[in-house]
Protein chains: 2
Amino acid sequence: MNGSKETVTVIGLGVIGGSYATALKKLGYTVYGADCDEDTVKKAKERGIVDDAATLADAFLPLSDIVVIALYPKQVEGELRRIAHLLKDGAILTDVAGIKSHFTEKIESLLPENADFVFAHPMAGREKKGIDYADDRVFKDANFIITPSERNKKSSLDTIERLAREMGFKNVMRLSPEDHDKVISFVSQLPHAIAVALVNSDDRQFDTPRFVGDSYRDLTRIANINEKLWSELFLGNKNNLLASIKEFEKYLDIIKKALENDDKAALEDEFVRATKRRTEFNKEL
Amino acid sequence: MNGSKETVTVIGLGVIGGSYATALKKLGYTVYGADCDEDTVKKAKERGIVDDAATLADAFLPLSDIVVIALYPKQVEGELRRIAHLLKDGAILTDVAGIKSHFTEKIESLLPENADFVFAHPMAGREKKGIDYADDRVFKDANFIITPSERNKKSSLDTIERLAREMGFKNVMRLSPEDHDKVISFVSQLPHAIAVALVNSDDRQFDTPRFVGDSYRDLTRIANINEKLWSELFLGNKNNLLASIKEFEKYLDIIKKALENDDKAALEDEFVRATKRRTEFNKEL
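Residues numbered from 1 in each chain as written. Chains lettered and ligands numbered in written order. Predicted model: local features only at pLDDT ≥ 70, side-chain atom pairs only at ≥ 80, totals over all residues.

## With respect to the sheet that holds strand 1 (residues 7–11) of chain A
All names here are of chain A.
In step 1: Strand order in the open sheet formed by eight strands is 3-2-1-4-5-6-7-8, with mixed pairing between adjacent strands. The open sheet terminates on both sides in strands that have one partner only, identified here as strand 3 (52–54) and strand 8 (171–174). Within the sheet, the average angular offset between the axes of one strand and its neighbour, ignoring direction, is 20 degrees.
In step 2: Pairing analysis gives four bridges linking strand 1 to strand 4 (residues 66–69), with the strands arranged parallel. When the bridges of strand 4 are listed, Val8 appears paired with Ile66.
In step 3: Sheet contacts for helix 5 (residues 154–167): strand 5 (92–95), strand 6 (116–123), strand 7 (143–147) and strand 8; angle to strand 6, the most-contacted strand, approximately 30 degrees. (Pairing = 2+ DSSP bridges. Helix = DSSP H or I, 4+ residues; strand = E, 2+ residues; numbered from the N terminus. Axes fitted to C-alpha atoms, helices over the stretch in contact; angles between N-to-C directions. Contact = placed C-beta atoms within 7 Å.)

Next comes the structure, spelled out in structure tokens:
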């Protein structure tokens with residue numbers, strides 16, 4: 001590397017991979033891109049978010065110090081099997097998958113000896129999919145989780161953390177894969193399940209959009225959801241997500257019971273607790 | 001009135017009443033304000049959002065063509081009993097309450113013969129309470145519901161609709177009190193119940209704020225809630241709200257069942273339906 005910036009290949013130029021490429025190119029890295037969709041490859045080149053791109057990463061890999069696999073979780077293994085023998089000696093790989101348990105060990109077993117895989121979850125995204133919605137501004141001040149494994153070198157972890165900070169992420173946290181999946185089931189998957197159920201439970205007796213305020217709009221924005229990706233994320237974390245849903249239902253039940261019993265004090269208690277938590281929360285952010 | 005703008009008294013200078021006063025004063029109306037809190041009266045005068053203010057509206061009422069009662073729903077009846085004999089001949093009254101059934105008939109029975117009460121619900125607000133958070137910009141492009149009664153004169157309904165449009169509201173709809181309460185239980189009260197339950201169901205095993213993305217932030221913003229007002233609104237609409245919660249739970253159950261059965265197709269169906277609805281919704285707004 002001789003003090004100059006690393007060369008990075010981004011595999012998968014969808015909304016997240018495309019945003020990685022955009023951010024890293026702006027930062028002065030040499031960036032190669034690969035995507036199975038020819039139209040995406042063409043757009044990436046035309047828009048100058050990569051130095052070069054192709055439908056397969058093969059030609060770029062022997063030159064790349066860092067490889068970002070920005071595919072759906074289930075595709076990562078297959079792609080790694082295909083490319084493992086092409087990796088540069090000492091390459092650092094990373095991913096963007098929203099679930100981590102039952103995933104990392106299998107992936108690591110496929111790595112050549114002198115390659116290191118740093119599992120990461122950039123907590124930023126958009127409701128839309130595809131390169132047309134790639135936008136590195138979504139990384140600004142967002143959260144980034146790394147789930148270190150025993151096999152990881154400290155220098156590899158530090159490299160991916162540095163990359164995240166350079167791209168604009170603010171909090172970079174390190175968690176075990178198990179803790180990652182627990183916390184994600186609550187802060188990300190449960191809200192998506194709620195938004196979907198809320199929109200679908202509309203009996204449409206009235207023309208809903210004409211009656212909504214900001215609250216309904218805010219709560220349902222993420223009901224616009226990529227069904228292939230999110231069904232994979234939900235099922236890949238089903239036990240944690242089921243536990244989070246059940247815990248949520250317990251507190252919704254408290255509100256229901258208070259309504260049924262005309263128990264104003266119980267309702268107020270729930271509202272006061274929620275307000276206190278949400279206000280502390282604002283201070284911390 | 002002789003072609004000039006009407007004189008309006010706003011009773012209750014909290015976040016909504018204060019916003020009404022601010023908007024109407026800017027529009028050139030003569031605006032008087034009343035609030036039981038002396039500090040609020042002082043602020044309203046200092047900030048020039050009223051022509052005059054006092055702790056009681058009594059002196060202003062004989063001069064006022066329009067009276068906005070911006071109090072909590074349960075306070076409206078008591079205030080009307082107190083002021084009914086002071087109203088100007090031909091006065092139009094209006095309210096801002098978020099529930100309408102079991103409310104309008106009682107109120108109307110208290111009115112002097114030549115006064116008309118137009119029940120209205122401005123669907124705009126802020127999480128904070130009090131005059132310090134009054135801001136007429138929240139009315140811009142918001143929705144406004146009028147629930148006409150048989151007693152209402154057409155001219156009174158048109159006056160309040162005109163006022164709403166002048167203040168910036170975009171959709172002004174007319175609904176029966178019963179339909180209003182049904183639609184509100186879904187688009188406003190259910191989202192608040194969900195946000196409160198979501199925040200309260202956090203087991204806080206992790207430092208949540210460091211792990212959230214926009215989705216959790218958006219879904220919980222309204223968990224910061226005025227407990228006195230909202231417990232009143234919830235209990236005043238309990239049957240509709242309970243029905244909305246139960247309908248929502250049905251759709252959350254579909255997601256739970258799909259998870260338990262590893263049924264990817266069922267999950268995808270729910271996500272596709274939600275995405276389709278939420279996308280149409282964007283087009284309509």
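## Some details on the sheet that holds strand 6 (residues 116–123) of chain B
Residues and elements named next belong to chain B.
In step 1: One open sheet holds the eight strands; their spatial order is 3-2-1-4-5-6-7-8, and the pairing between them is mixed. Each having just a single partner strand, strand 3 (52–54) and strand 8 (171–174) make up the two edges of the open sheet. Sheet twist, expressed as the mean angle between neighbouring strand axes with direction ignored, is 20 degrees.

## Examining the packing of helix 9 (residues 238–260) of chain A against helix 9 (residues 238–260) of chain B
In step 1: It is the contact of helix 9 of chain A with helix 9 of chain B, at a shortest axis distance of 11 Å, that shows an interaxial angle of 165 degrees. Taken together, the axes of helix 9 of chain A and helix 9 of chain B lie roughly antiparallel to each other. The interaxial crossing formed by helix 9 of chain A with helix 9 of chain B has left-handed handedness. Counting all contacts with helix 9 of chain A, which are made through Lys238, Leu241, Leu242, Ile245, Leu252, Lys256, Leu259 and Glu260 of chain A, the residues of helix 9 of chain B involved are Lys238, Leu241, Leu242, Ile245, Leu252, Lys256, Leu259 and Glu260 of chain B. (Parallel < 35°, antiparallel > 145°, perpendicular 65-115°, else oblique. Left-handed = near helix turned anticlockwise from the far one by under 90°.)

## Focus: the relation of the copies chain B and chain A
In step 1: For the pair chain B and chain A, the best superposition has an RMSD of 0.0 Å and corresponds to a rotation of 180 degrees with a translation of 0.0 Å parallel to the axis. Put plainly, the chains are arranged around a two-fold axis.
In step 2: When the interface residues of chain B are mapped onto chain A, 100% of them again fall at the interface, so both copies present the same face. (Least-squares fit on C-alpha atoms with pLDDT ≥ 70 in both.)

## Re the domain arrangement of chain A
Residues and elements named next belong to chain A.
In step 1: Along its sequence, chain A is carved into domain 1 (7–175) and domain 2 (179–284).
In step 2: Here domain 1 and domain 2 have C-alpha centroids that lie 31 Å from each other.
In step 3: The interface is formed by 13 residues belonging to domain 1 together with 16 residues belonging to domain 2.
In step 4: Of the residues that constitute the side of domain 1 that touches domain 2, the class distribution is five nonpolar, four polar and four charged. (Domains from an automatic or database assignment. Nonpolar A, V, L, I, M, F, W, Y, C, P; charged D, E, K, R; others polar.)

## Digging into the interface of chain B and chain A
Many authors give the size of an interface as the accessible area that is lost as the parts come together.
In step 1: Taken together, the contacts link 74 residues of chain B with 74 residues of chain A.
In step 2: Elements with a contribution of two residues or more to the side of chain B that touches chain A: strand 8, helix 6 (177–200), helix 7 (214–220), helix 8 (227–235), helix 9 and helix 10 (264–284) of chain B.
In step 3: For the side of chain B that touches chain A, the residue count by class is 40 nonpolar, 14 polar and 20 charged.

## As for helix 1 (residues 15–26) of chain B
Residues and elements named next belong to chain B.
In step 1: In this model helix 1 runs 17 Å from its N-terminal to its C-terminal C-alpha over twelve residues, within 8% of the 16 Å that 1.5 Å per residue would give.
In step 2: Within helix 1, eleven of the twelve residues are buried, which leaves the element mostly enclosed by the surrounding structure.
In step 3: Looking at helix 1, one finds that the buried residues are Val15, Ile16, Gly17, Gly18, Ser19, Tyr20, Ala21, Thr22, Ala23, Leu24 and Lys25.
In step 4: Immediately beyond the C-terminal end of helix 1, within one or two residues, lies Gly28, with a positive phi of roughly 100 degrees. (Expected span 1.5 Å × (residues − 1). Buried ≥ 20, exposed ≤ 12 C-beta atoms within 10 Å, placed from the backbone.)

## Some words on the pairing of strand 7 (residues 143–147) of chain B
In step 1: Most of strand 7 of chain B is tucked away, with five of its five residues classed as buried.
In step 2: Across the two faces of strand 7 of chain B the burial is the same, with Asn143, Ile145 and Thr147 of chain B and Phe144 and Ile146 of chain B all buried.

## So, unusual backbone geometry
Note: most peptide bonds trans; most residues except glycine with negative phi.
All names here are of chain A.
In step 1: The residue Arg204 is not glycine, and still its phi comes out positive at about 55 degrees.
In step 2: Among the secondary structure elements, Arg204 is positioned in the loop between helix 6 (177–200) and helix 7 (214–220).
In step 3: Even without a glycine there, the phi angle at Asp262 is positive, about 50 degrees.
In step 4: With 10 C-beta atoms packed within 10 Å, Asp262 lands in the exposed category.

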